[in-house]
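One letter stands for each residue in the lines below.
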Amino acid sequence: MNKDLTVGKPSQVLWQFCLPMFGSIIFQQLYNIADSLVAGKFIGENALAAVGNSYEITLIFIAFAFGCNIGCSVIVSRYFGAKDYDEMKTSVYTSLIGSAVLCAVLMLIGLVGCHSLLELINTPEEILADSSLYLDIYVLGLPFMFFYNIATGIFSALGDSKTPFYFLAVSSLSNIGVDILFVAGLKMGVAGVAWATFLCQGVSCVLAMVVVFRRISAFKSKNKVVLFSWNMLGKVAMVAIPSILQQSFVSVGNIILQSVINTFGASVIAGYSAAVKLNNMVITSFTTLGNGISNYTSQNMGAGKMDRVHKGFGAGRNLVWIICVPIVLLYFFFGRFLLLLFMNDPQGPAIDTGMLFLRILSPFYFVVSLKLVTDGILRGCGMMVRFMIATFSDLILRVGIAIVLSSTALGSTGIWMAWPVGWCIGTRPVAGVLLHRHPQGPCRVSGQSGSRGQSCRGTCRGRVRRRCRNGDPVTLLQLVNCVHLTHKQNEAIEIVHKTDPFAFWLFLATKSTKCP
């Protein structure tokens, strides 16, 4: 069912939309968790290490699929919110064609280069063959992953977060059963784990695309729909490319970290592989909720309702913090029981490594969840610069600190300590957009404010003046709406920088835009 996110109480609308998305990502993560769980329980510790080692490389492919998902979703939701169904259909078809070409290129690179990359990151000889086999089969299934992600992005753009939930619930539970059948029953080893994912994700992809085309065809077109538009591809790419770069650099950072972790042996690799799956389930869940907030933001921007965006931020923040409480308690105090799902030895070095990892990271989920919610607002507004800066600073610090501390007496513990430091520093610049207000009063934006000529009032750090016709104060989010919807006339923007250097950076990134 399609849902208009521009009407109704913002907190209620956002919660009803995002909670099924949270359930969906839990089932999505079951794909990866099931692979590691079955490999560790039914094959052995080396198989668990092989699947976990390969996982860091698969995150690069997932980054591209995620970028296509969010790029398509944000643009489709904007046209859906504006009730421009012709352009909405063009954005769907263009996204599908562009993603197909990108997927083909990545498949070629993956089939040729994955084995060399495994050697480059110091993969131990005893798990190299299984890691390479798992990746080869994974790459063959990339089309299913790409088109499934596009389908879920379209569902989210139309305000439907329940349909992806149903697909994922069935397919992920089926994947567990097929994993066990192929590994325990047919004795296919690590290859059985990979082929089970390939099969289940393929079925889900085909069914999801059938439903997508039925949904899209139900919208009445006023004119002949253009199947591919370079202009539309550029709009999708403007959102997708920064997301891809962000996720890709994170993946590259994780691969570098994996190469450092690999020097500590198979037991540490196995413990990390199990714990990082639990960690990634949380982080990916928050990222997906951020995507939901992006759709909410984009629909309301398309409808010219920027006041709802700020209320949506507060509702999103409250949602992720409520979710954080039981997760932090569970991981910190009962993480050993969760890790035993992947391992058989309750007292070995592998499970001790995993437990230490969870206890160091889990209290800081409150910090990273705030960052990911704010990222969602910025992506929905089309402001990619600020959250990319935060991501890169997080990544560079995390990798640098991990490399330095791992060479000290802390050993592998130093690697785990790098995560919270990066999260804390990376959260500051993006959260400052919505949390901080200048104590000396409002910034002034001269002229029309908002996308529909609405009068706006608010405060923000720094003083921003826009030379137009009248002089109403404006919030930073309303200024975002002004500089983002760029299709009518050029007007000069003057920023008199007072206290926040990031506000000045925002101006530098958008100074050539047109204002409605």
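Residues numbered from 1 in each chain as written. Predicted model: local features only at pLDDT ≥ 70, side-chain atom pairs only at ≥ 80, totals over all residues. Heavy atoms only, no water.

### Examining the overall build of the chain
- Each helix and strand counted, the chain has 16 helices and four strands in total.
- Out of the 516 residues in the chain, the part that is buried amounts to 60%.
- The contacts of the chain with a sequence gap of at least 6 include a subset with a gap of at least 24, amounting to 81%.
- Here the chain displays about 19900 Å² of accessible surface, and carbon together with sulfur accounts for 67% of that area. (Helix = DSSP H or I, 4+ residues; strand = E, 2+ residues; numbered from the N terminus. Buried < 20%, exposed > 50% of the residue type's maximum accessible area, 1.4 Å probe, protein only. Contact = heavy atoms within 4.5 Å. Areas by Shrake-Rupley, 256 points an atom, 1.4 Å probe, with all protein chains shown as cover.)

### Re the environment of Met188
- With respect to the element layout, Met188 can be found in the loop between α6 (162–185) and α7 (189–217).
- Once the C-alpha coordinates of Met188 and Ile43 are considered, the two residues, 145 residues apart in sequence, prove to be 9.8 Å apart.
- Discounting residues that sit within four places of it in the chain, Met188 has contacts with Phe182, Val183 and Trp195.

### A closer look at the nonpolar core
- Counting residues in hydrophobic clusters, the biggest one holds 67 residues, and the most contacted among them are Phe286, Tyr331, Phe357, Tyr365, Trp416 and Trp419.
- Element by element, the count of residues in this core is highest for helix α9 (residues 266–302), at 16 residues.
- Beyond its immediate sequence surroundings of up to four residues, Trp419 is in contact with Asn254, Leu257, Tyr272, Asn279, Phe357, Leu361 and Arg398.
- With 51 residues, the next largest nonpolar core counts Cys72, Leu96, Met145 and Met232 among its residues. (Core = buried A, V, L, I, M, F, W, Y, C linked by side-chain atoms within 4.5 Å.)

### Looking at the side chain of Ser131
- In this structure, Ser131 sits in helix α4 (residues 125–140).
- On the basis of relative accessibility, which here comes to 0%, the residue Ser131 falls in the buried class.
- Reaching out from Ser131, the side chain makes a polar contact with the backbone oxygen of Ile127 at a distance of 3.0 Å.
- Apart from the residues within four sequence positions on either side, Ser131 is in contact with Ala50, Asn53, Ser54, Leu118 and Thr123. (Polar contact = N/O pair within 3.5 Å; in protein donor to acceptor, adjacent residues only side chain to side chain.)

### Brief notes about the pattern of salt bridges
- Scanning all chains against the criterion turns up one salt bridge.
- For Asp352, the salt bridge identified is with Arg336, shortest N-O distance 3.4 Å. Of this pair, Asp352 sits in helix α11 (residues 349–361) while Arg336 sits in helix α10 (residues 307–339), placing them 16 residues apart in sequence.
- The exposure class of Arg336 is partly exposed, given its relative accessible area of 28%. (Salt bridge = Lys/Arg side-chain N within 4 Å of Asp/Glu carboxyl O.)

### Regarding α4
- With 16 residues, α4 extends 24 Å from end C-alpha to end C-alpha; this agrees with the ideal 22 Å at 1.5 Å per step.
- For α4, the set of buried residues is Ile127, Leu128, Ser131, Ser132, Tyr134, Leu135, Ile137, Tyr138 and Val139. (Expected span 1.5 Å × (residues − 1).)

### So, the packing of α4 against α7
- At their nearest, the axes of α4 and α7 sit 9 Å apart, and the two run at 15° to each other. The angle between α4 and α7 places the two elements in the roughly parallel class. Taken as a pair, α4 and α7 cross one another with a handedness that is right-handed. Across the interface between the two elements, Asp130, Leu133, Tyr134, Ile137 and Leu140 of α4 pack against Val190, Ala191, Val193, Ala194, Trp195 and Phe198 of α7.
- Its residues placed into classes, the contact of α4 with α7 shows 10 nonpolar, no polar and one charged. (Axes fitted to C-alpha atoms, helices over the stretch in contact; angles between N-to-C directions. Parallel < 35°, antiparallel > 145°, perpendicular 65-115°, else oblique. Left-handed = near helix turned anticlockwise from the far one by under 90°. Nonpolar A, V, L, I, M, F, W, Y, C, P; charged D, E, K, R; others polar.)

### Some details on unusual backbone geometry
- Positive phi, normally seen in glycine, also occurs at Lys187, with a value near 55°.
- Take Lys187: it is sitting in the loop between α6 and α7.

### What about the packing of aromatic side chains?
- Per the counting criterion, the structure on display carries 17 aromatic pairs.
- Where Tyr331 meets Tyr365, the ring centres are 6.1 Å apart and the plane angle is 75°; that geometry is what we call edge-to-face. Of the two residues, Tyr331 is situated in helix α10 and Tyr365 in helix α12 (residues 365–381); the sequence distance between them amounts to 34 residues. For the pair shown, Tyr331 and Tyr365 are each scored as buried.
- Counting every residue linked through ring pairs, the aromatic cluster contains Tyr272, Phe357, Trp416 and Trp419. (Phe/Tyr/Trp six-rings, centres within 6.5 Å; stacked < 30°, edge-to-face > 60°.)

### Looking at the environment of Met306
- Tracing the chain through its elements places Met306 in the loop between α9 and α10.
- Residues Met306 and Thr6, 300 residues apart in the sequence, show an inter-C-alpha distance of 9.9 Å.

### Observations regarding a nonpolar patch on the surface
- Together, Leu108, Leu111, Val112, Leu140, Leu181, Leu186, Met188 and Trp195 make up an exposed nonpolar region whose accessible area comes to about 750 Å².
- Per-element tally for the nonpolar patch: the top contributor is helix α3 (residues 85–120), with three residues.
- Owing to a relative accessible area of 32%, Met188 belongs among the partly exposed residues under this scheme. (Patch = residues over 30% accessible without salt bridge, like charges linked within 9 Å, V, L, I, M, F, W, Y side chains within 5 Å.)

### Structural notes on α6
- Counted at 1.5 Å a residue, the expected span for α6 with its 24 residues is 34 Å, and the 34 Å between its end C-alpha atoms agrees.
- Restricting attention to buried positions, one finds in α6 the residues Thr163, Pro164, Phe167, Leu168, Ala169, Ser171, Ser172, Asn175, Val178, Asp179, Phe182 and Val183.
- Where α6 ends, the next residue or the one after it, Lys187, has phi of about 55°, a positive value.

### Side note on the side chain of Ser95
- Note that Ser95 resides in helix α3.
- Separated by 2.7 Å, the side chain of Ser95 and the backbone oxygen of Ser91 make a polar contact.
- What Ser95 contacts, discounting residues up to four positions off in sequence, is Cys72 and Val236.

### A few points about the packing of α3 against α4
- Where α3 contacts α4, the axes come no closer than 9 Å and their chain directions differ by 165°. On the basis of the axis angle, α3 is roughly antiparallel to α4. Read as a crossing pair, α3 and α4 show a hand that is right-handed. Contact with α3, carried on its side by Met107, Gly110, Leu111, Cys114, His115, Leu118 and Glu119, involves Leu128, Ser131, Ser132, Leu135, Asp136, Val139 and Leu140 of α4 and no other residues of that element.
- Across the contact of α3 with α4, the residue classes break down as eight nonpolar, four polar and two charged.

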